[in-house]
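What the coordinates show
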Amino acid sequence: MNRAKDRIDDLLKSTLSDYRKEPGAGLWKNLSRELRLSGAGKSALRNFKWIIPVVDFMIMIPLALFYFTGKENPKTFHDNPTMELPASVHYSANPPAVKNPENNSRHETASIKQATYGLKQNDYPEIPAVKKDQPSSMTQEAGSAILPSTKDQSSGFTSVTGYFRNLYLTGGYFPFLIKGALQKQPEVNIPGTSFIPDIGLRQQPLWLNNSMVYPAIEDYGKKEDWIYGIHLIPDLIFTGNRQATFGFAAELTGVRTLDVFSIEAGFGINRTYDQGRFKIDYEQYDSIAYYYKVNSFTVDEATGKPNFNTTIETVFDSVDYFASEATKNTYTYLYFPLHVGAEISRFQRISLHANAGIYYSVLISKNEPPSEFRNDRALNMTIVNESPSRIASQVMIAGSLGLHFAIRTNLFLNIEPLVKYPIKPMYEKRYNPGKTWSAGLRTGLYFKF
Amino acid sequence: MTVEKNIIEGCIAGKRKAQHQLYNQYSAAMLGVCLRYCRNLEDAEDVVQEGFIKVFVSIKSYRGEGSLGSWIKRIMINTALTHIKKNLNFKLMSDELTEVEEKVETASEEVEYQPVSPEVLIRLIQEMPEGYRTVLNLYVFEEFSHKEIAGILSISENTSKTQLFKARQFLRNRLENAGKKSLKTIL
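Presented here is a report on the structure given in the accompanying data block. (Residues numbered from 1 in each chain as written. Chains lettered and ligands numbered in written order. Predicted model: local features only at pLDDT ≥ 70, side-chain atom pairs only at ≥ 80, totals over all residues. Heavy atoms only, no water.)

Looking at the overall build of chain A
Scanning chain A from N- to C-terminus turns up eight helices and eleven strands. The buried share of chain A, reckoned over its 449 residues, is 43%. The contacts of chain A with a sequence gap of at least 6 include a subset with a gap of at least 24, amounting to 77%. For chain A, the accessible area works out to roughly 24,400 Å², and carbon and sulfur atoms hold 56% of it. (Helix = DSSP H or I, 4+ residues; strand = E, 2+ residues; numbered from the N terminus. Buried < 20%, exposed > 50% of the residue type's maximum accessible area, 1.4 Å probe, protein only. Contact = heavy atoms within 4.5 Å. Areas by Shrake-Rupley, 256 points an atom, 1.4 Å probe, with all protein chains shown as cover.)

Structure follows, in structure tokens:
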């Protein structure tokens with residue numbers, strides 16, 4: 001085809017063919033960020049991305065091992081078999097009575113160090129000493145008390161400060177500890193005391209799983225504390241004009257408590273799935289009709305009519321087709337939560353906490369697979385990616401109600417419905433995505449050392 | 001050539017430094033191309049950004065046939081066309097040239113124009129409707145035939161011709177007016 005010439009064309013070509021314009025400095029910055037996210041290139045972050053899970057494991061595995069297998073409170077009788085009590089016996093304001101043993105052969109000297117209990121001697125009023133092998137004046141008052149015993153008879157039972165305190169606490173503020181406390185105990189006999197064979201549930205000395213009891217003593221009434229949280233958060237993300245998407249997060253936090261208030265901060269990794277959309281526009285030659293092609297003809301001499309020799313020819317035409325394809329995109333965010341909270345209700349082991357805070361999240365990687373649409377017969381195929389682009393960083397405000405269940409004095413199960421509302425839309429503005437919010441269930445453990 | 005080869009190998013290996021070198025070498029020229037296809041600088045920079053990502057992702061497929069610049073330019077133009085196609089609606093425009101229009105076009109071939117700065121021409125092109133601008137670029141700068149343009153944009157050849165005619169007329173009017181008033185005052 002001859003190309004129609006025009007002076008305008010010449011003017012355009014001569015002026016603009018080699019036209020250059022330096023892009024703004026921000027373009028390379030954006031491009032570099034996009035390259036990092038799309039994986040087309042090696043950035044420092046990409047090189048060290050493996051560190052995140054490794055650090056997670058390095059932190060979490062020792063913590064888990066330390067906490068769930070090896071940890072015992074150093075202030076327990078398990079770790080301190082030699083116990084020494086001072087000459088006087090301390091007891092609580094309303095001390096339980098003690099009873100002489102029926103079988104003296106079991107009487108041994110108590111050698112219990114006061115420090116073993118982690119209590120100060122002056123914390124409680126004194127009661128008269130109980131000497132070895134001597135019936136106690138408290139014998140007649142023996143009721144439900146259970147005292148430890150030792151195997152050493154050389155010294156008398158002198159102090160049960162810790163014991164009484166334990167008894168008070170386990171029966172009162174932490175009733176749920178009793179069952180656990182009954183399970184393990186050292187073999188300790190104290191002169192002038194004896195086991196009470198039948199006291200209902202308290203069939204054995206109570207003091208005894210000190211790893212549980214003593215922290216309770218020390219924490220009782222304590223206003224400030226550090227606890228740590230590990231949570232998993234499945235959530236659904238609702239976007240105005242798009243289908244709800246699913247996300248999943250893992251989070252580590254530290255909590256500073258002050259009375260009923262708390263402030264919590266940490267970091268987490270969130271993986272979100274989204275639907276990619278491709279619009280495919282192509283042409284394809286399809287059969288739309290047929291006709292009889294006359295190849296030759298002859299005239300019938302008898303009738304004078306022509307006889308046609310024909311073949312059927314198909315007519316094709318290009319037909320426009322429109323198709324769409326959905327793909328699964330994956331986005332990974334690093335985020336930093338910061339919450340403040342308050343305990344609003346408590347009933348025995350269960351407490352309810354209200355929390356509010358912000359999340360700052362940064363998109364650290366994304367996987368947006370291309371369209372896999374194939375049609376060998378297609379002509380002029382155009383595939384347009386209509387998946388809206390996500391913005392690189394986000395600030396969300398969040399509110400939640402946490403239900404804490406005390407498994408142990410230093411271990412809590414947390415179930416926390418959580419609602420987050422991004423300050424900016426999750427997608428770039430040009431896609432006009434509408435309002436976005438998410439609802440999730442933050443589930444995990446709080447623990448302290 | 002060796003330097004360019006090293007840059008390409010670096011880009012294939014995903015080295016950020018090599019990618020930056022390639023970007024520095026071609027970004028200005030590519031932005032110049034994209035400015036012709038897009039209606040403003042922001043859109044053009046978006047296209048350049050997306051185009052360079054495609055370049056870095058698919059640079060393994062560059063076989064050295066033709067210059068690297070031409071290969072990158074092709075990617076940029078394809079990226080720009082993909083952007084444009086979302087909004088392009090040629091059906092709203094008249095498909096056929098009238099007899100008068102044909103005559104006007106023929107007559108105008110003889111008109112001489114004063115030199116104009118690239119910035120002014122770019123601004124004029126950007127002011128055109130999307131269809132005019134796209135066909136004008138493909139025909140004048142990329143030297144595609146109307147048949148090829150029709151294939152690329154999924155339009156008829158007549159539509160392509162009409163768009164080109166109207167694009168030229170648009171420019172002609174603007175340049176003539178500018179000649180009378182002085183371009184600077186209207187831009």
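Remarks on the interface of chain B and chain A
Each partner contributes to the interface: chain B provides 57 residues, whereas chain A provides 40 residues. Summing the contributions of chain B and of chain A, the shared interface buries around 4,300 Å²; its carbon and sulfur component is 62%. Interface area lost by chain B to chain A is led by R16, Y23 and Q49 of chain B, which between them contribute 15%. With a shortest N-O distance of 2.7 Å, D9 of chain A and R168 of chain B are connected by a salt bridge. Run the count over chain B and chain A and you get five residue pairs in polar contact (both at pLDDT 80 or more). Take the side of chain B that touches chain A: its biggest share by element is twelve residues, from helix α2 (residues 16-37) of chain B. (Buried area = accessible area lost by both parts, 1.4 Å probe. Salt bridge = Lys/Arg side-chain N within 4 Å of Asp/Glu carboxyl O. Polar contact = N/O pair within 3.5 Å; in protein donor to acceptor, adjacent residues only side chain to side chain.)

Digging into empty space enclosed by the protein
Residue and element names in this part refer to chain A. Per the counting criterion, the structure on display carries two cavities of 30 Å³ or more. In this structure, the largest cavity encloses a volume near 240 Å³. Lining the largest cavity are 18 residues, and of these I237, Y333, S361, M396 and M426 sit closest to its centre. Among the elements of the structure, β3 (224-239), β5 (261-299), β6 (306-347), β7 (350-367), β9 (393-408), β10 (411-422) and β11 (436-447) are those that each provide at least two residues to the lining of the largest cavity. For the lining of the largest cavity, the class distribution of residues is nine nonpolar, six polar and three charged. (1 Å grid on protein atoms, 1.4 Å probe; cavity = no way out; pocket = protein on both sides within 12 Å on 5 of 7 lines; lining within 4 Å. Points joined across faces, edges and corners; volume = space filled by probe spheres on them. Nonpolar A, V, L, I, M, F, W, Y, C, P; charged D, E, K, R; others polar.)

Thoughts on the packing of α2 of chain B against helix α3 (residues 41-58) of chain B
Residues and elements named next belong to chain B. Between α2 and α3, the least distance of the axes is 9 Å, while the angle of their chain directions is 135°. When the axes of α2 and α3 are compared, the pair comes out oblique. Handedness of the α2/α3 crossing: right-handed. Residues Q19, L22, Y23, Y26, S27, M30, L31, C34 and L35 of α2 form the contact with α3, whose participating residues are L41, A44, E45, V47, V48, F52, V55 and F56. Broken down by class, the residue content of the contact of α2 with α3 amounts to 14 nonpolar, two polar and one charged. (Axes fitted to C-alpha atoms, helices over the stretch in contact; angles between N-to-C directions. Parallel < 35°, antiparallel > 145°, perpendicular 65-115°, else oblique. Left-handed = near helix turned anticlockwise from the far one by under 90°.)

Section: helix α1 (residues 7-16) of chain A
Every buried residue of α1 of chain A is accounted for by I8, D9, L11, L12, T15 and L16 of chain A. Here the buried residues of α1 of chain A occupy an arc of 165° about the axis, which is enough to place them on one side. (Arc of directions from axis to C-beta.)

Concerning α3 of chain B
Taking 1.5 Å of rise per residue, 18 residues should cover 26 Å, and α3 of chain B covers 25 Å from first to last C-alpha, within 8% of that figure. Of the residues flanking the start of α3 of chain B, the one acting as N-cap is N40 of chain B, its side-chain oxygen 3.3 Å from the backbone nitrogen of E42 of chain B. (Expected span 1.5 Å × (residues − 1).)

Remarks on the environment of Y139 of chain B
All names here are of chain B. Summarising the element assignment, Y139 is placed in helix α7 (residues 130-141). When its relative accessible area of 2% is taken as the criterion, Y139 is described as buried. Sequence separation between Y139 and S160 is 21 residues, and the spatial gap between their C-alpha atoms is 9.1 Å.

As for the pattern of salt bridges
As enumerated under the stated definition, the model contains 16 salt bridges over all chains in all. In this structure, R442 of chain A engages E251 of chain A in a salt bridge whose closest nitrogen and oxygen atoms are separated by 2.6 Å. Taken as a pair, R442 of chain A in strand β11 and E251 of chain A in strand β4 (residues 242-258) lie far apart in primary sequence, 191 residues in all. Given the relative accessible area of 0%, R442 of chain A is considered buried. With a relative accessible area of 2%, E251 of chain A lands in the buried category. With its nearest N and O atoms 2.8 Å apart, the salt bridge here joins R133 of chain B to E130 of chain B. Taken together, the residues span about one helical turn, with R133 of chain B and E130 of chain B both in helix α7 at a distance of three residues. With respect to class, R133 of chain B is no different from E130 of chain B; both count as buried. Through salt bridges that share partners, E251, E264, E416 and R442 of chain A make up one connected network.

A few points about unusual backbone geometry
Residue and element names in this part refer to chain A. Even without a glycine there, the phi angle at Q348 is positive, about 50°. By the secondary structure assignment, Q348 is in the loop between β6 and β7. By relative accessible area, which is 56% here, Q348 ends up exposed.

Bear in mind that shape data such as this cannot, by itself, settle questions of function.
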